[in-house]
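# Fold and contact review
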Amino acid sequence: MEQIPILKLGKFLLVTIQVDMHDQLALRLQDELTNRIVKENAKGVLIDISALEIVDSFIGRTLANIAAMARILDAETVVVGMQPAVAITMVELGLSLPGVRTALNVERGMEILSSLVQVDSDAPPPA
Amino acid sequence: MLLLRRDSFPLQSSDDIVKARQIVRTWAAELGFKLVDQTKIVTASSELARNAYDHGKGGIMIIEAIEDGDRKGLRLTFQDQGPGIPDIEQALKDGYSTSGGLGLGLGGAKRLVNEFHIESTVGKGTTVRIVKWV
Ligand SMILES: Nc1ncnc2c1ncn2[C@@H]1O[C@H](COP(=O)(O)OP(=O)(O)O)[C@@H](O)[C@H]1O
Ligand SMILES: [Mg+2]
């Protein structure tokens with residue numbers, strides 16, 4: 001069965017979407033991510049879509065669902081690497097990604113996740 | 001109007017939707033569409049292929065490279081023998097969905113192309129034809 005690998009990076013999960021996902025695969029990713037957030041007690045999810053050549057309404061809905069589910073499980077979601085042509089097309093399609101934070105690349109996305117989680121839960125280190 | 005090339009593909013599984021997207025991408029690139037316009041026609045085709053499969057119980061996509069005077073274009077026809085659409089105007093509205101979808105497929109696809117034509121008969125099926133010029 002096809003799988004999209006989910007990597008653990010400290011308290012975050014990293015997903016790099018490398019294939020043109022068919023709809024079932026997108027749904028499976030949504031389920032697996034939800035399970036992994038719980039299992040790993042993850043505080044953030046980074047989804048790298050730089051290899052995705054389109055984001056249509058189904059993929060858009062999947063990304064928004066993942067973010068909503070993660071939020072319920074007390075984890076933040078950042079989507080990174082959206083190609084400019086994809087972003088332009090999404091706007092014309094009428095697709096917005098409610099509740100989904102975006103960043104230019106994985107590094108920026110990690111910075112955002114780290115800052116969000118720190119503000120959220122981490123006690124400051126002793127002086 | 002000159003027909004340069006024509007082919008047709010089944011839309012009977014969600015894998016077929018992926019294949020349809022890839023074929024549209026290849027033809028669009030070969031015709032000389034710029035990246036943004038390739039992305040637009042591929043996205044429109046993904047929405048309409050999914051509609052034919054999800055709502056229309058499966059169908060076909062006909063892809064045609066056409067030429068009109070000095071412009072070239074891509075014409076895509078999505079055909080199914082599904083339940084049809086009772087109220088097309090309503091179906092075209094953003095946010096309208098009978099299946100818990102986002103309801104952006106039809107209206108969105110229309111915005112992404114130059115020509116959009118839809119015909120549907122309840123109990124008989126639906127045909128959507130789009131054209132995008134290079
Ligand atoms: N090929 C089709 N056959 C039957 N009904 C369709 C077809 N395409 C679209 N529809 C109807 O039009 C509605 C809107 O379609 P669309 O804008 O693609 O939104 P969504 O697919 O998210 O529901 C669908 O919910 C469905 O009721
Ligand atoms: Mg649709």
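Residues numbered from 1 in each chain as written. Chains lettered and ligands numbered in written order. Predicted model: local features only at pLDDT ≥ 70, side-chain atom pairs only at ≥ 80, totals over all residues. Heavy atoms only, no water.

Bringing the site of ligand 1 into the picture now. Residue and element names in this part refer to chain B. What surrounds ligand 1 is a group of 18 residues, the closest being Asn51, His55, Asp80, Ser97 and Thr98. A distance of 2.5 Å separates an oxygen atom of ligand 1 from a polar atom in the side chain of Thr98. Here ligand 1 has 530 Å² of accessible area as a free molecule, and 92% of this is covered by the chains. Here the shell around ligand 1 is composed, by residue class, of 6 nonpolar, 11 polar and 1 charged. (Near = heavy atom within 4 Å. Polar contact = N/O pair within 3.5 Å; in protein donor to acceptor, adjacent residues only side chain to side chain. Areas by Shrake-Rupley, 256 points an atom, 1.4 Å probe, with all protein chains shown as cover. Nonpolar A, V, L, I, M, F, W, Y, C, P; charged D, E, K, R; others polar.)

Another point: the interface of chain B and chain A. Size of an interface, as often reported, equals the accessible area lost when the parts are brought together. On the side of chain A, 20 residues touch chain B, which itself brings 24 residues to the contact. For the pair chain B and chain A, the summed buried surface comes to about 2000 Å²; carbon and sulfur atoms form 55% of the total. The interface formed by chain B and chain A holds 6 salt bridges in total. Here chain B and chain A share 12 residue pairs in polar contact (both at pLDDT 80 or more) between them. In terms of residue count, helix α2 (residues 35–54) of chain B provides more of the side of chain B that touches chain A than any other element does, 9 residues in total. Looking at the side of chain B that touches chain A residue by residue, the class counts come to 9 nonpolar, 8 polar and 7 charged. (Contact = heavy atoms within 4.5 Å. Buried area = accessible area lost by both parts, 1.4 Å probe. Salt bridge = Lys/Arg side-chain N within 4 Å of Asp/Glu carboxyl O. Helix = DSSP H or I, 4+ residues; strand = E, 2+ residues; numbered from the N terminus.)

This part takes up the packing of helix α3 (residues 84–93) of chain A against α2(B). Put simply, α3(A) and α2(B) touch, their axes get as near as 9 Å, and they point 50° apart. By the criterion of interaxial angle, the relationship of α3(A) to α2(B) is oblique. Crossing angle aside, the handedness with which α3(A) passes α2(B) is right-handed. In this structure, α3(A) uses Ala85(A), Val86(A), Ile88(A), Thr89(A), Glu92(A) and Leu93(A) to contact α2(B), whose residues at the interface are Leu35(B), Val36(B), Thr39(B), Lys40(B), Thr43(B) and Glu47(B). (Axes fitted to C-alpha atoms, helices over the stretch in contact; angles between N-to-C directions. Parallel < 35°, antiparallel > 145°, perpendicular 65-115°, else oblique. Left-handed = near helix turned anticlockwise from the far one by under 90°.)

This paragraph deals with the sheet that holds strand β5 (residues 101–103) of chain A. All names here are of chain A. The strand order across the open sheet formed by 5 strands is β1-β2-β3-β4-β5, and the pairing between neighbours is mixed. The outermost strands of the open sheet, each flanked by one partner alone, are β1 (6–9) and β5. Neighbour to neighbour, the strand axes of the sheet diverge by 25° on average, direction disregarded. Lying on the sheet, helix α1 (residues 23–40) is in contact with β1, β2 (12–16) and β3 (44–48); it crosses β1 at an angle near 25°. Strands in contact with helix α2 (residues 57–72) are β3, β4 (76–80) and β5; relative to β4, the strand with the most contacts, it is inclined by about 155°. (Pairing = 2+ DSSP bridges.)

So, on to the nonpolar core. Counting residues in each nonpolar core, the largest one holds 65 residues, and the members touching the most others are Leu29(A), Leu33(A), Ile47(A), Leu74(B) and Ile130(B). Those residues within four positions of Ile47(A) in sequence are excluded, and the remaining contacts are Val15(A), Ile17(A), Leu33(A), Leu63(A), Ile66(A), Thr77(A), Val78(A), Val79(A) and Val80(A). (Core = buried A, V, L, I, M, F, W, Y, C linked by side-chain atoms within 4.5 Å. Buried < 20%, exposed > 50% of the residue type's maximum accessible area, 1.4 Å probe, protein only.)

Applying the stated rule across the entire model yields 19 salt bridges over all chains. The salt bridge involving Arg75(B) is made with Glu64(B); its shortest N-O contact spans 2.8 Å. Note that Arg75(B) is positioned in strand β3 (residues 71–80) and Glu64(B) in strand β2 (residues 59–68), a separation of 11 residues in sequence. The residues Arg75(B) and Glu64(B) share a single accessibility class, namely buried. Taken together, the salt bridges that share partners define one network made up of Asp20(A), Asp23(A), Asp56(A), Arg21(B), Glu47(B) and Arg50(B).

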